[in-house]
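Observations on chain architecture
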Amino acid sequence: MRNIVKLSLVLAVFFLFSSHAVAQDSYFNNSGERFVSGIANVATGWVELPKNIALTGQRDGPIYGITVGLATGLMHTVGRTLVGGLDVATFWLPLKPSVNPPYVWEDFSRETSY
């Protein structure tokens with residue numbers, strides 16, 4: 001019971017000091033966008049694998065697509081999934097999403113950057 005009271009007090013203080021953020025839509029927009037894109041990236045991080053195989057194959061040929069694209073896709077799959085989890089864990093920080101593009105399907109022809 002004491003833990004619940006302590007947690008309630010901490011949250012109340014947090015919201016008290018962040019009341020100036022209510023006037024700015026950007027805080028809630030950025031936090032919400034970071035949370036939603038983080039959930040989406042954790043769930044769809046695996047799409048980086050076929051995306052990078054296809055991009056590398058189109059740019060450098062099918063042999064590179066199968067070898068280098070596969071390795072790049074595995075790297076970006078792990079990266080997007082982990083960074084998405086980090087975005088979910090720290091969504092309350094009013095930052096933009098850490099992955100660019102924020103969603104894997106947003107610009108399928110562009111390589112992912114962090």
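Throughout what follows, the structure given in this document is the object of discussion. Fair warning: this is a prediction, and the values are worked out from it, not measured in the lab.

Okay, the side chain of asparagine 41 next. Turning to its location among the elements, asparagine 41 is positioned in helix H2 (residues 25-44). Among all residues touching asparagine 41, those that are not within four sequence positions of it are Arg80, Thr81, Gly84, Val99, Pro102, Tyr103 and Val104.

So, on to the packing of helix H3 (residues 48-60) against helix H4 (residues 62-89). Direction vectors running N to C along H3 and H4 enclose 145°, while the axes themselves pass 7 Å from each other. As for how H3 packs across H4, the hand of that crossing is right-handed. Every residue of H4 that contacts H3 at Glu48, Leu49, Asn52, Ile53, Thr56, Gly57 and Asp60 is listed here: Pro62, Tyr64, Gly65, Val68, Gly69, Leu70, Thr72, Gly73, Leu74, His76, Thr77 and Arg80. Broken down by class, the residue content of the contact of H3 with H4 amounts to seven nonpolar, nine polar and three charged.

It is worth spelling out the pattern of salt bridges at this point. Evaluation of the coordinates by the stated rule reveals seven salt bridges. Across the pair arginine 34 and aspartate 87 runs a salt bridge whose closest N-O atoms are separated by 3.3 Å. Taken together, the residues arginine 34 in helix H2 and aspartate 87 in helix H4 connect sequence positions 53 residues apart. There is no split in this pair, since arginine 34 and aspartate 87 are both buried. A salt bridge links arginine 80 to glutamate 48, with the shortest nitrogen-to-oxygen separation between them at 2.7 Å. Here glutamate 48 lies in helix H3 and arginine 80 lies in helix H4, a separation of 32 residues in the sequence. Overlapping salt bridges, with partners in common, bring together Glu48, Lys51 and Arg80 in one network.

Right, let's get into the side chain of arginine 34. We classify arginine 34 as buried; its relative accessible area is 5%. Within the structure, the side chain of arginine 34 is placed 3.2 Å from the backbone oxygen of lysine 96, a separation counted as a polar contact. Not counting the four nearest positions on each side in its chain, arginine 34 is found in contact with Asp87, Thr90, Phe91, Leu93, Leu95, Lys96, Pro97 and Ser98.

Here leucine 93 shows up in the segment after H4. Given a relative accessible area of 30%, leucine 93 falls into the partly exposed group. As for leucine 93 and asparagine 30, which are separated by 63 residues in sequence, their C-alpha atoms are 8.3 Å apart. When residues no more than four places from it in sequence are discounted, the contact partners of leucine 93 are Ser31 and Arg34.

Definitions and limits used
Residues numbered from 1 in each chain as written. Predicted model: local features only at pLDDT ≥ 70, side-chain atom pairs only at ≥ 80, totals over all residues. Heavy atoms only, no water. Helix = DSSP H or I, 4+ residues; strand = E, 2+ residues; numbered from the N terminus. Contact = heavy atoms within 4.5 Å. Axes fitted to C-alpha atoms, helices over the stretch in contact; angles between N-to-C directions. Left-handed = near helix turned anticlockwise from the far one by under 90°. Nonpolar A, V, L, I, M, F, W, Y, C, P; charged D, E, K, R; others polar. Salt bridge = Lys/Arg side-chain N within 4 Å of Asp/Glu carboxyl O. Buried < 20%, exposed > 50% of the residue type's maximum accessible area, 1.4 Å probe, protein only. Polar contact = N/O pair within 3.5 Å; in protein donor to acceptor, adjacent residues only side chain to side chain.

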